[in-house]
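Structural features, examined
One-letter residues, chain by chain:
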Amino acid sequence: MDAGITAPTTEARNPDSADLDALTPLALVTLMNTEDHAVADAVAATLPAIAEIVTVATQRLGRGGRLLYCGAGTSGRLGVLDAAECPPTFGTSPGQVVGVLAGGNTAMFEAVEGAEDSAELGVADLLALGVNADDVVIGIAASGRTPYVIGALDHARSVGAATAALSCNPHAAISDHADVAIEVDNGPEVLTGSTRLKAGTSQKMVLNMISTATMVGLGKVFGNLMVDVAPTNVKLRDRAQRIVMAATGCTREAAADALAAADNHAKTAIVMILCGVDAAQAGQRLTDHHGFVRGAVGRP
């Protein structure tokens, strides 16, 4: 590195791992574990900003908008991962939470050289998705300076979408291109510049918070139960029964019967049992209360 040029935090050398190649396997993984312990604290420092974008996302998605994660490399892949988990967990449509990855689907499994360096590609990808003022776009870049993400955020703001920038460097460039800046300062990586490590861990934590808290705000949760789970396989059908049992105190047989009558919709089955109504009446109660089980069953 040239003298006088300060590397961003994600590219700086970590003095505690200067002899990484000389460590025993146990010493090496112990060092990594020690470094990982600091990640949650780094995320904690950004909680007000995370809560701010959750509030906005809940409002926008509540009126029919979408949550879009936009990034390149590891950052973009983490966005795709979080988006892909929303339909089975929360019963969302595949288009409600979307992961937009520089280089497209191919880049999920192999590097697409040059994609992240194109701001124009970021614009084009969001244009193709018809991003509008009801949407929320979260640009993700560990370095905080990826041109693809900057292009995407600039386009999103130009059409009135709400925006947030998630980076792992203080004073990140992308922060100036978004309404809300989430800057998680994890310190230098154990392996210099390898942002799939602490940076990636912190990004996943933040994205988990944003999607989960937004879905809670949309009525996808009752207590701490994922009542909009899509029971698409044996494991999830069993989970749906256990959710109904936990929410109502009923037997497994009663839960299975209610789910069958409710077209396997746990929310509806719960309202049926707690209110002593049929599936149609339970569905109407949920509609009247915007999908919130707590309101549908008359609990404050």
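Right above here is the structure, for reference.
Here we summarise the structure given alongside this text.

Turning our eyes to something else, we now look at the nonpolar core. Membership of the largest hydrophobic core comes to 31 residues, with the highest contact counts inside it found for Tyr69, Ile138, Ile182 and Ile210. Apart from residues lying up to four places away in sequence, Ile210 is in contact with Ile50, Ile53, Val54, Leu67, Tyr69, Ile138 and Ile182. Ranked by size, the runner-up nonpolar core spans 25 residues in total, among them Leu236, Ala258, Leu259 and Val277.

What follows covers the packing of helix H8 (residues 234-248) against helix H9 (residues 252-261). Where H8 meets H9, the axes come as close as 9 Å, and the angle between the chain directions of the two elements is 110 degrees. Our classification of the angle between H8 and H9 gives roughly perpendicular. The crossing of H8 and H9 is right-handed. Judged by residue contacts, Asp238, Ala240, Gln241, Arg242, Val244 and Met245 of H8 engage Arg252, Ala255, Ala256 and Leu259 from H9. Within the contact of H8 with H9, the residues separate by chemical class into six nonpolar, one polar and three charged.

Moving on, we come to the side chain of Thr92. Along the chain, Thr92 turns up in the loop between helix H4 (73-90) and strand E2 (97-101). Take Thr92: its relative accessible area is 6%, and that puts it in the buried class. Polar side-chain contacts of Thr92 include one of 3.4 Å to the backbone oxygen of Cys86. Setting aside its immediate chain neighbours within four residues, Thr92 contacts Cys86, Pro87, Met215 and Lys220.

The rules we used
- Residues numbered from 1 in each chain as written.
- Predicted model: local features only at pLDDT ≥ 70, side-chain atom pairs only at ≥ 80, totals over all residues.
- Heavy atoms only, no water.
- Core = buried A, V, L, I, M, F, W, Y, C linked by side-chain atoms within 4.5 Å.
- Buried < 20%, exposed > 50% of the residue type's maximum accessible area, 1.4 Å probe, protein only.
- Contact = heavy atoms within 4.5 Å.
- Axes fitted to C-alpha atoms, helices over the stretch in contact; angles between N-to-C directions.
- Helix = DSSP H or I, 4+ residues; strand = E, 2+ residues; numbered from the N terminus.
- Parallel < 35°, antiparallel > 145°, perpendicular 65-115°, else oblique.
- Left-handed = near helix turned anticlockwise from the far one by under 90°.
- Nonpolar A, V, L, I, M, F, W, Y, C, P; charged D, E, K, R; others polar.
- Polar contact = N/O pair within 3.5 Å; in protein donor to acceptor, adjacent residues only side chain to side chain.

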